[in-house]
Amino acid sequence: MSKFKNKIGRGYASGDDSSDVISELSHDGTASLTSNTSKSSVFRSRMARFGKKKRKKEGDSGSGQTTSVVGSGSKTDSRSTTPRDAASTASSATPQAVTPGSVSSASRRSKHANLSEEKRLQKDAKSRFNIGLVYLKTGDYSKAQDNLEHSLYCHVQLAGHNPKMYTNQSLYQIASVREKLGDCYLGNTAVVDKCLALDHFEEAKRLLASVHPEDAPDNVKEMLERVDEKLKLPELSHSGVRKKPPPITKKYEMQGNDKAKKTLGIGVAAVAVGAAATGGAAAAAAANNSAPVGAAAATSPATGKKGLKGGFEKFGHNMEKFGKELTEVGLGIKSGFEEILGLEDSDEENSSDLRSCISNMQSEEVNALKMAISHLDRDNHRTALNHLLELKECKTMEDVAFRALMAQYMMRVADSAMESSKTGVAVEAYEEALTIFKQDGLNEEDVSKATKGCVKGHKMIAIECEGFGDFRSAIEQRKRACELLESENKIVPACHQLISIAYNLGKVDEYDKSSVILSDACRKLFKGVSSLEYMPSDRLNLLVQAYQMRAICFTRMTKWKPALDQYDELLPLVAKQSGQGSLDYLSLTIRKAALLVTLKNYAAATELLRNYFQMADINGDSGNELIVEPEDHSLALDTSAAIDLKLGKVDDAILTFQKKLEFVEQHLPQDKEMKSDAMHKLGCLLSYKKNHKEALPLLQGALDTRKFLYYGRNKFLIESSWAVAATNQTLGDTDKALVDYQILLEKIDFVKDSPISSVIVQNSAGKLFFEDGRIEAAVSSFTKALEGVETQGDDVLKKNIMLNLANALSTKGDIDGAFELYEDLERMGKRKRNQLYFFTLYNKSLLLIKVGETEQAKEILHDIIETRSSKADDTRGNVYITLGILAVEEKKIYSGLKYYEDALAMFVDEHYDLSSITQTKKLMAMAHLEAKKYDVAITILEDALTELSQPGMERKFYHLMKAEVWNCMSKVYQRRGDHSSAKNFAKLALQTYKSELGERHPVTLRNVSNVSVLLLEEAEGLTKSEAKPIIDAAKYEMESALGAFLSLNDSWGYRFDVASLKTNLGLVAVWQGKPKKARKLLKQINDIEVPEDSLLAKRIATLEMLLEKLDKEKKK
């Protein structure tokens, strides 16, 4: 203990080996450093297996020991650090016999005083730390330093100077004070040398790092990370912060003989160091005996001068003390562990062997064992285990007794860690103990206890991993548990683990490995069992579970036949075990039926389901609950619907899905996923049966539900979005459908395993763009769809997309591109002459008419009518309409009406199509208009309006059809001379277009132009003053429409609309007497190629004539 003497006023440096002494911070040389962490040995009663402790009475003559100064010092508890003052040091030359465990009278008198002193120190430590923090935050580093150093002094007075014996709380508190002291020195600009800051940070890091992160709280981990970051600061990482020691040189080394070195006391230190290193009694005695010899030689009168004599005397005295202290350390190690392990007076063979092992241990090994014991008392299980593992490679482990001791400590760590819910540490400690027990062949009870601990720990970790979704880690844990159980010959628990492993493998989609594990479990269950009749019930239950899981694995691997064989093997077992009416048997029956549907054995599947539904109906009529789980009954309904669809019974499938939807709402109200699936399938089937109005609410409901269940790019969400978009498109809600398709096109390429191909979405969107008049967008969508379909190998879909693209190119005006696609389709379909082939011929004829090849087009159309193939039935109605239009244009009114009547018969009799019927009636009315049969035309149009006004016709699609009929009525009344009625019907149509399509839609703008023309015609019969407001209103509307067309950035697509509006504005300019403006508009119109035989060309000619007339009048 004399290493703490004469330290007053030295200053503090953590780099010094004795820097743990902080009493000098108060500059009080008499301050006591008594530690409150001193404890009596807690292991004496726990290690009784190494021999009972035999206490010898003080002064026993049979002990054979002579008490000495060194011996008395070594028997003091190493965890109690009471420094000796100068007086005690001076009197140390007088030997005093002190018995281990004796208590001085001074200690007894100060016991009560120490309690009150301890409370005062605790209060001071806390308050001074808080005050220091306040000063640190305000930047008063000097006061902060004073308070923090006082807090550190109080902590060390309470906890002692040895960090190895700190409690966790004391360790963290002292580390925190160290960190804040480092902040003081680092932040204080008056301190240029940051060495003290570096020392405090490094000491704080050393204290925090002495406890494993697994044993430390989260705030301690954060503190350690914070200290690490501070140590990386440039102010502390500079090479000048801590100066390097000077290099070692031998230039002035004394080269005397051994006798001269002993005379100077050098040999004392060498022998003493050797004694401490070996720990042997003989070496320690040699060091102790050599000290007085050196001292006597140094103080001999023959040495000569007084100054030299005094120097040698002091040097020799110091060497004597150094030798004694090293001897105390060596003996203290031995006696300390004898006391801890309860071996100091035991005569048993194991105890003597253990004492011999400990005496031969190296100092670092001794420290590791002491640290392990210390951390185990503090419940730092991971840290204790790591220190014990450091001893695995030491030579002492070769001794059987020491290995047994290590195994017991491992078991203590494991048991304590398991109680503290540190399962990972417990499992590792159990495994280490088990390894030692098996290596030494110790008693089976210890092996069994360690094995049970390992199995329990591995199972707990596996359950935890499964809860986190880490199934692969759970598999490894259960494999180890299975190995340990098999080593104990526990077949049933081992098979439990194998089945759990197979389940986890299924969770990660490794069904092939899962089936192998299940087969292994089945073989183990049959081990020692001759037949199923003699198999115990616990094994039979596991066998049924393994068979059932293996059938599922085969199903997931699409091995349908092995899966069916497994069900055939499983069903008799379950029937024997629980009966054919049991829940398990019926559930397996349903799953087997679903497998039979996959194998296209619909008859056998239907028979199984019929038996089940009969039992379910009987059970339901008796008022009982379901005979299977709701999920299994839902699977039975799905399987039944699948059989109906495979057999073409769509109506029966619809009824089945309606039952499923009702069942899910009643028995599984929380299962939104299953409900949305039923709604989606039922909606799709209703759409297939053309019941789009009933289908849309179901499909929209499924979509809304799935939006809350899945993320935006989930395949089921994409599936529902497409179904809703397609249904809206069919019902004519183009705006909603366009929004849905645009969202789909943005997401479809990022969806994995999408049930809807991006090609189908692009094709459907293209159709919608085409119907909406957005030809460029339609061409783009069809082109992308055609590029995507090349990799799918779907020839039917490819031809359909080619036809759509050809129609879009034809409308766009790309005649060559459209003809090329039509000819390719005609060549590919000429052999089979299917429905698509006749559609191709019909659309090709329309393009021929457009380019003026009317006769060739008629030949194609007549060929379609005359063919006997039923594949042309869907095309014949449109062919009749086209031929009727050509006949009316040729003024063959009655011939055209005959074609229209044939088309109407096709649309009504073959398959009722209200859209085609309405279009045909409009054409018939216009034909009668050409024949000047106005009343007949009005009657036909009124009949069409009546059909469109029936209940259920409130959707956008039907409103737009009514607007078209109103435009036709306006034309009839205009030709009849009733301009007021014509204007009213035109305004009705315009109002509908504005509300349904928007004011800037091309169709709306065209109708604005039509109404303006009617206003101009109305103004022709009025005086100039009466006509002026009407013409001004018409001019304003036409100028707005013209600006809107030009803003659409499609000059080619809307060229005729622009020409028509400019012609009307030119006529207004002529009426207003503005020839320059009219001539400017006419020049712009002439830049547009207008067909010569069109109505627009006639109106342009009228504008030119009126402009010439106005010029002549102006010249006069």
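These figures come from a predicted structure and were not determined experimentally.

K.L.:
It is not clear to me how the overall build of the chain should be interpreted in this structure. Could you clarify?
P.N.:
Helix and strand content of the chain: 49 helices and zero strands. The proportion of buried residues among the 1116 residues of the chain is 46%. Considering only contacts in the chain between residues 6 or more positions apart, those separated by 24 or more positions represent 60%. Element-wise, carbon and sulfur atoms account for 52% of the exposed surface of the chain, whose accessible area totals about 59,400 Å².

K.L.:
Could you clarify how one ought to interpret the pattern of salt bridges in this entry?
P.N.:
Where side chains of opposite charge bring their charged atoms close, a pairing between them can arise. Here the structure, examined in full by the defined rule, presents 49 salt bridges. With its nearest N and O atoms 2.8 Å apart, the salt bridge here joins Arg 1006 to Asp 1057. A residue pair is termed long-range when its members are at least 10 positions apart, and Arg 1006 in helix H45 (residues 1002–1020) and Asp 1057 in helix H47 (residues 1055–1071) qualify at 51 residues. Owing to a relative accessible area of 14%, Asp 1057 belongs among the buried residues under this scheme. One network of salt bridges, in which partners are shared, links Asp 638, Lys 660, Asp 677, Lys 681, Arg 706 and Glu 719.

K.L.:
Is there a simple way to explain the environment of Tyr 185 in this structure?
P.N.:
Its place among the elements puts Tyr 185 in helix H6 (residues 168–187). Take Tyr 185: its relative accessible area is 7%, and that puts it in the buried class. C-alpha separation for the pair Tyr 185 and Gln 145, spaced 40 residues apart in sequence, amounts to 8.1 Å. Here Tyr 185 is in contact with Gln 145, Glu 149, Val 191, Lys 194, Leu 196, Ala 197 and His 200, once residues within four sequence places are set aside. A distance of 2.6 Å separates a polar atom in the side chain of Tyr 185 from a polar atom in the side chain of Gln 145.

K.L.:
What should I look at first to understand unusual backbone geometry in this one?
P.N.:
Leaving glycine aside, a negative phi is the common case for residues, and trans is the common case for peptide bonds. Positive phi, close to 65°, is recorded for Ser 421, a residue that is not glycine. Here Ser 421 falls in the exposed class, since its relative accessible area comes to 60%. Phi at Thr 558 is positive, roughly 55°, even though this residue is not glycine. Locating Thr 558 in the fold gives a position in the loop between helix H23 (537–556) and helix H24 (560–578).

K.L.:
Explain the environment of Ser 1040 here, please?
P.N.:
With respect to the helices, strands and loops of the structure, Ser 1040 is situated in helix H46 (residues 1024–1046). Judged by its relative accessible area of 38%, Ser 1040 is partly exposed. Between the alpha carbons of Ser 1040 and Ser 1009 there is a distance of 9.8 Å; along the sequence they are 31 residues apart.

Cut-offs and rules
- Residues numbered from 1 in each chain as written.
- Predicted model: local features only at pLDDT ≥ 70, side-chain atom pairs only at ≥ 80, totals over all residues.
- Heavy atoms only, no water.
- Helix = DSSP H or I, 4+ residues; strand = E, 2+ residues; numbered from the N terminus.
- Buried < 20%, exposed > 50% of the residue type's maximum accessible area, 1.4 Å probe, protein only.
- Contact = heavy atoms within 4.5 Å.
- Areas by Shrake-Rupley, 256 points an atom, 1.4 Å probe, with all protein chains shown as cover.
- Salt bridge = Lys/Arg side-chain N within 4 Å of Asp/Glu carboxyl O.
- Polar contact = N/O pair within 3.5 Å; in protein donor to acceptor, adjacent residues only side chain to side chain.

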